[in-house]
Amino acid sequence: MGLEAILQKDGFITTTIDALVAWSRKSSVWPMPMGISCCAIEMIAAADPKYDIARFGSEVMRFTPRQCDLMIVAGTVTYKMAQVVRRIYDQMPDPKWVIAMGACTSSGGMYRSYSVVQGIDQFLPVDVYTAGCPPRPENLLNALMAIQEKISKTKARQFQNRSMAELENAQI
Amino acid sequence: MPKSDFMEIKELITKKIKDRFNQAVEEISDFRNDLCFTIQKDKIVELAKYLKEDPELEFLMCKDVTVIDWAARKNRFTTVYHVYSFKLNFNLRLKVNIDVDPPAVETITSVWKSADWYERETFDMYGIKFLNHPDLRRMYMPEGFEHYPLRKDFPVIGIPGSLPLPNKAE
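Numbers given for residues are sequential positions, taken from 1 along each chain in its written order. Chain labels run from A onward and ligand labels from 1 onward, assigned in the order the entries are written. Thresholds applied to this predicted model are a pLDDT of at least 70 for local features of residues and 80 or more for the giving and counting of side-chain atom pairs; totals over whole chains, interfaces and linings are not thresholded and use all residues.

### Quick look at the overall build of chain A
Here comes step 1: When you go through chain A residue by residue, the secondary structure sums to seven helices and four strands.
Here comes step 2: The helix and strand sequence of chain A, counted from the amino end, reads α-α-β-α-β-α-β-α-β-α-α.
Here comes step 3: With the C-alpha coordinates aligned to their principal axes, the bounding extent of chain A is approximately 65 × 50 × 25 Å.
Here comes step 4: Three exposure classes are used, based on other C-beta atoms lying within 10 Å of a residue's own C-beta, which is placed from the backbone: buried for 20 or more, exposed for 12 or fewer, and partly exposed in between. Out of the 172 residues belonging to chain A, those deemed buried represent 32%. The secondary structure listing takes helices from DSSP runs of H or I that are at least 4 residues long and strands from runs of E that are at least 2 residues long, numbered from the N terminus.

Following this line, the structure appears as structure tokens:
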């Protein structure tokens, strides 16, 4: 009784390109594991068989930013590290999303200190904040579902960068 | 180690240092068997060399170099050295009072090479200048940072704008 049973006969579905693209985008959000400190352990736990982030199509943790859609900033970001995080974020292709995982990334957390950035939203556009110190894997999955919800509402053309638009206008 | 042996070692060290550096020793404290010598600023390298090279003592290992910021008094800073002798299985503490203007003391890296990074860290956090140090650069804070974060007059949350942050991405 799988998908094959339904597809035994020829058939068709009606949808929009936007809906199809958004569906495929949200079902394969590849994370950039920016595991900077203890939150990374919970992020790894979310990928293990018990919590199984693969159910959401996000099991492909890519260690190169060029293949990622979602940056999970998991851990305390210091001012020195902020430069690195921003640089990796800049290398990710559009469209891209950011989860601020845990108290440190959201607000500085318990590190109310000269060396820690008091919230990564000072230099990154954060989509979802996750509470907890560290958040449990369920909480990260919940954040991922919130990201999926957000993606499902996007339009396919929304993320075309300018050079592509220019190419289109040039009618090559 | 039996307690009597420990007492003997302590007396031996105290006697040896007293004999040789009598003028330069400012204070000897023995709080809960933690032996501590406060020595004059210009004698610290000589004392360090003596402790390391004396065949009866052989304090071969420098475990830690740090500083106390007393915030308000004449000698504002006190550098603290922890050294260890494998031969005697004994920890010894040395202290040097230094003034704030300028907060400088001779490096002990000429005696214990391991003090290199300890002194760098101390410089980074407290701004103590270790004279003739081989590589006195910032360790934790970025180069170009102008303040010393662990000084008592440095605000906990830092000085706004003193550390650069990337511009906000779109």
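So, next bit.
### Focus: the overall build of chain B
Here comes step 1: Of the regular secondary structure elements, chain B holds three helices and seven strands.
Here comes step 2: The C-alpha extent of chain B, read off along each of the three principal axes, is 70 × 30 × 30 Å.
Here comes step 3: For chain B, buried positions account for 26% of its 170 residues.
Here comes step 4: A residue pair is marked as a contact if its C-beta atoms, positioned from the backbone, fall within 7 Å. Expressed as a percentage of contacts within chain B between residues at least 6 apart in sequence, the contacts between residues at least 24 apart total 47%.

### Comments concerning the sheet that holds strand E1 (residues 31-35) of chain A
All names here are of chain A.
Here comes step 1: Paired strands, in this sense, are two strands between which DSSP finds at least two bridges. Strands sit in the order E1-E2-E3-E4 across an open sheet of four strands; the sheet is parallel. Strands with a single pairing partner mark the edges of an open sheet, and in this sheet they are E1 and strand E4 (128-130). Between one strand axis and the next, the sheet turns by 15° as a mean value, whatever way the strands run.
Here comes step 2: Pairing between strand E3 (residues 97-101) and E4: three bridges, direction parallel. Lines fitted to C-alpha atoms define the axes here, with helix axes fitted over just the stretch in contact, and angles between the N-to-C directions of these axes take values from 0 to 180 degrees.

### Some details on the nonpolar core
Here comes step 1: A set of buried residues drawn from Ala, Val, Leu, Ile, Met, Phe, Trp, Tyr and Cys, joined through C-beta atoms within 7 Å, is what defines a nonpolar core. Ranked by internal contacts, the top residues of the largest apolar core, which has 37 residues, are A:Leu70, A:Met71, A:Ile72, A:Val73, A:Ile99, A:Met101 and A:Ile147.
Here comes step 2: Those residues within four positions of A:Val73 in sequence are excluded, and the remaining contacts are A:Met34, A:Val85, A:Val98, A:Ile99, A:Ala100, A:Met101, A:Thr105 and A:Ile120.
Here comes step 3: Counting 32 residues, the second largest nonpolar core, distinct from the first, contains B:Leu94, B:Ala115, B:Tyr118 and B:Ile128.

### A short note on the pairing of strand E4 (residues 77-85) of chain B
All names here are of chain B.
Here comes step 1: Here E4 shows a clear split, with Phe 77, Thr 79, Tyr 81, Val 83 and Ser 85 buried on one side and none of Thr 78, Val 80, His 82 and Tyr 84 buried on the other.
Here comes step 2: For strand E3 (residues 61-69) and E4, the ladder comprises eight bridges, and the chain directions are antiparallel. Looking at the pairing, Val 67 lines up with Thr 79 of E4.
Here comes step 3: Two elements, E4 and strand E5 (residues 90-98), share nine bridges in a ladder whose sense is antiparallel.

### A word on unusual backbone geometry
Generally, phi is negative for residues other than glycine and the peptide bonds are trans, each holding for most cases.
All names here are of chain A.
Here comes step 1: Of the consecutive residues Asp 94 and Pro 95, the connecting peptide bond is found in the cis state with omega at -10°.
Here comes step 2: Along the chain, Pro 95 falls in the loop between helix H4 (79-91) and E3.
Here comes step 3: Cys 133 connects to Pro 134 through a cis peptide bond whose omega is -10°.
Here comes step 4: Here Pro 134 shows up in the loop between E4 and helix H6 (137-152).
Here comes step 5: Located in the positive-phi region is Asp 52, a residue other than glycine, with phi close to 55°.
Here comes step 6: The topology assignment puts Asp 52 in the loop between helix H3 (39-47) and strand E2 (70-74).
Here comes step 7: By C-beta crowding, Asp 52 is classed as partly exposed, having 13 other C-beta atoms within 10 Å.

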